[in-house]
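Examination of the molecular architecture
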Amino acid sequence: MNFDYDLFVIGGGSGGVRAARIAASEYGVHVGLAEESRMGGTCVIRGCVPKKLMIFASQAGAMAAESRGYGWPEAQSGDFDWPHFHHKLERELDRLEGAYTGGLQGAGVDIHKQRARILDAHTVELADGQRITAKHILIAVGGRPQLPGIPGQELGMISDDLFTMERLPGRVLVVGGGFIACEFATILKGLGSDTVLAYRGDAVLRGFDDEMRRHVTEQLRMIGVDLRLGAAPERLDREGASSVRVTFKDGSSEVFEAVMFATGRAPYTQGLGLEELGVKLGRKGEIVVDEWSQTSVPSIYAVGDVTDRVNLTPVAIREGHSFADTVFGAKPRKVDHSLVASAVYTRPHELATVGLTEEQAAARGPADVYVASFRPMRSLFGGSEVRAVMKLIVETGTDKVLGCHIFGPEAGEMIQMVAIPMGMGATKADFDAAMAVHPTLAEELVTMRKPTRRIGGDNADKAVVSA
Ligand code: NDP
């Protein structure tokens, strides 16, 4: 049978673009791609990239304070000029969108700027009614913010809206305690908004190492975020022309200029025609795939957040690339979803992590936990008491490093390097054998001499030694 394309990709985000580009440029495959919004997807247009730029912008106040500690008594950040930043951000996103589009077109990929849905195992229909056939279909449509399902929630914003605001809110409520809530509360506070963060649990970042979660929780308070733990909104009502009254579950109520929900994301599978076709979906609506990213319909594959495996951009990129290598390059390649490093870009300290948390390691068996907690020289001299914390979790017997957690400045940069030896199965002795680079923060990772505690197994918590 003759098809219009060898491959049709639905979704122009990180995973879809990589798969399309590799298939077309490396393997000469005829590729079409549909994107209903801006090319680049969540990461480039309304996620990682603009978020990180906003994190940089939000640091000015803290940098000025540190500069004063270093002998620049006049250093002041002044007021943040949102229209100036926003205009520049838009231009940068235009540039990136252009680069993504140009890269695909240069590789010979046909771009269809409209929504697509799947009609059968080899046919998609575009929003304008055009029907296109393809030997393979790749779904890479990502995820969408999920709202908590409370009355009046339409009065709130989602993270996408933050990048398009006309002006910064004076008083804002962020709801949630995950990656996005912690990062956006940090940004909004740093840019000058009076920021309240309401999280239903007792420490933010559930799923991360408990000790590290406590440090991020304390840091949010330290930077001036009004953190309400055990708190969640029950309903939202309009108050006057431009404010929202939030009633919390404990019956209290307060008025905010803006409310931002960061209550998780869900796979964006609705309306794609998947149920009708018999593509197997999971409990959250995620597309169920095998280790080759193949769905229950053999000609249809899926990569990235829509499969809800590890919802991070580099993972989607690797999945998209591996799909192209496997299906078109005769180079079968699976993605290893273990040992994926990640970072939460809070300020002044980030939290970065790879491998097992202390709680996961303890459940698995005996392990030694090495913890270094110290005040970094730069911020200490600048007048800050904030501590950095580094933790290595080492399996007893094998000496293998099972987990590494860093709470400190540029922790994301450090964890990237730690992920390499850990992926190679490094032992604590390998870490110790590396000569320290002095004076750095990272040298603490190779100079932790004695375990702070033992976890898991019979001798848990008995060997408490000061490092
Ligand atoms: P997360 O799943 O990380 O966090 C969702 C938060 O919302 C949790 O604290 C959760 O609470 C809370 N929540 C969920 N439902 C409700 C509800 N009905 N009422 C009140 N609170 C609720 O999602 P995010 O939206 O923060 O981020 C989505 C994903 O995006 C992340 O998992 C990550 O993969 C990716 N991401 C990665 C970043 C990075 O790498 N730096 C940055 C931003 C996003 P509870 O914990 O109690 O369930």
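Only a predicted model underlies this, so the values are computations on that prediction, with no experimental measurement involved.

Analysis parameters
Residues numbered from 1 in each chain as written. Predicted model: local features only at pLDDT ≥ 70, side-chain atom pairs only at ≥ 80, totals over all residues. Heavy atoms only, no water. Helix = DSSP H or I, 4+ residues; strand = E, 2+ residues; numbered from the N terminus. Rg over C-alpha atoms; globule rule 2.2 N^0.38 Å. Buried < 20%, exposed > 50% of the residue type's maximum accessible area, 1.4 Å probe, protein only. Contact = heavy atoms within 4.5 Å. Areas by Shrake-Rupley, 256 points an atom, 1.4 Å probe, with all protein chains shown as cover. UniProt positions renumbered as here; feature names shortened; annotations may be inferred. Near = heavy atom within 4 Å. Polar contact = N/O pair within 3.5 Å; in protein donor to acceptor, adjacent residues only side chain to side chain. Nonpolar A, V, L, I, M, F, W, Y, C, P; charged D, E, K, R; others polar. Core = buried A, V, L, I, M, F, W, Y, C linked by side-chain atoms within 4.5 Å. Pairing = 2+ DSSP bridges. Axes fitted to C-alpha atoms, helices over the stretch in contact; angles between N-to-C directions. Salt bridge = Lys/Arg side-chain N within 4 Å of Asp/Glu carboxyl O. Phe/Tyr/Trp six-rings, centres within 6.5 Å; stacked < 30°, edge-to-face > 60°.

So, on to the overall build of the chain. Helix and strand counts for the chain come out as 14 helices and 23 strands. For the chain, the C-alpha radius of gyration of 24 Å lies close to 23 Å, the compact-globule estimate for 467 residues. The C-alpha extent of the chain, read off along each of the three principal axes, is 70 × 65 × 45 Å. Scored against the burial criterion, the 467 residues of the chain give a buried share of 50%. Look at the contacts in the chain between residues 6 or more apart in sequence, and 63% of them connect residues 24 or more apart. Surface accessibility of the chain: about 21,400 Å² in total, with carbon and sulfur atoms responsible for 51%.

On to the UniProt feature "domain: FAD/NAD(P)-binding" (unreviewed entry) in the chain. Here the UniProt-annotated "domain: FAD/NAD(P)-binding" (unreviewed entry) positions come out as residues 5–320. Here residues 5–320 runs as 34% helix and 25% strand, with 17 Å between its end C-alpha atoms.

As a matter of local geometry, the ligand sits amid 19 residues, with Gly-177, Arg-200, Arg-206, Asn-311 and Ala-343 nearest to it. A distance of 3.0 Å is found between a nitrogen atom of the ligand and a side-chain nitrogen or oxygen belonging to Glu-183. For the ligand, an oxygen atom lies 2.9 Å from a polar atom in the side chain of Tyr-199. When the ligand is considered free in solution it has 910 Å² of accessible area, and contact with the protein chains removes 76% of it. Top element by residues in the shell around the ligand is helix H7 (residues 179–191). It accounts for three residues. Tallied by class, the residues present in the shell around the ligand amount to eight nonpolar, six polar and five charged.

Bringing the nonpolar core into the picture now. Among the nonpolar cores identified, the biggest contains 73 residues, and Leu-197, Leu-392 and Cys-404 are the most heavily contacted of them. Per element, the largest residue contribution to this core is seven residues, and it comes from H7. Sequence-distant contacts of Leu-392, defined by excluding residues within four places in its chain, comprise Asp-368, Val-369, Tyr-370, Val-401, Gly-403, Cys-404, Lys-428, Phe-431, Leu-445 and Met-448.

Attention shifts here to the environment of Val-344. By secondary structure assignment, the location of Val-344 is in strand S18 (residues 342–344). With relative accessibility at 0%, the residue Val-344 sits in the buried group. Residues Val-344 and Ala-258, spaced 86 residues apart in sequence, show a C-alpha to C-alpha distance of 23 Å. In this view, Val-344 contacts Phe-179, Cys-182, Glu-183, Leu-205, Phe-208, Glu-350 and Leu-351; residues no more than four positions away in its chain are not counted.

Here we take up the sheet that holds S18. Spatially, the six strands line up as an open sheet ordered S18-S19-S22-S21-S20-S23, and their pairing is antiparallel. Looking at the sheet topology across the chains shown, the edges are occupied by S18 and strand S23 (453–455). On average, each strand axis in the sheet is tilted by 15 degrees relative to the strand beside it, whichever way the strands run. With six bridges connecting them, strand S19 (residues 350–355) and strand S22 (residues 401–408) associate as antiparallel partners. Along S22, the bridge assignment pairs Gly-355 with Gly-403. In this fold helix H8 (residues 210–222) packs onto S19, strand S20 (367–374), strand S21 (388–395), S22 and S23, with an angle of close to 10 degrees to the strand it touches most, S22.

A separate point is the side chain of Thr-353. Topologically, Thr-353 is positioned in strand S19. At 2.8 Å, the side chain of Thr-353 and the side chain of His-405 are in polar contact. With sequence-adjacent residues up to four places away left out, Thr-353 is seen in contact with Phe-208, Val-340, Ala-341, Ser-342, Cys-404, His-405 and Ile-415.

Another point: the pattern of salt bridges. Applying the stated criterion to the full structure yields 32 salt bridges. Among the ionic pairs, Glu-211 bridges to Lys-391, the shortest N-O distance being 2.7 Å. Of this pair, Glu-211 sits in helix H8 while Lys-391 sits in strand S21, and the two are 180 residues apart along the sequence. Accessibility assignment for this pair places Glu-211 and Lys-391 in one class, buried. With a shortest N-O distance of 3.2 Å, Glu-319 and Arg-309 are connected by a salt bridge. Of this pair, Glu-319 sits in helix H10 (residues 313–328) while Arg-309 is found in the loop between strand S17 (300–302) and H10, placing the two residues ten residues apart along the sequence. Relative accessible area serves as the criterion here: at 1%, Glu-319 is assigned to the buried category. For Arg-309, a relative accessible area of 26% corresponds to the partly exposed category. A single salt-bridge network, built from bridges that share partners, covers Arg-171, Asp-194, Asp-226, Arg-228 and Glu-254.

Let's shift gears to the packing of aromatic side chains. Evaluated as defined, the whole model comprises nine aromatic pairs. Judged by centre distance (5.7 Å) and plane angle (50 degrees), the rings of Phe-80 and Phe-85 are tilted. When its relative accessible area of 29% is taken as the criterion, Phe-80 is described as partly exposed. Put simply, the rings of Phe-80, Trp-82 and Phe-85 pair up and form one aromatic cluster.

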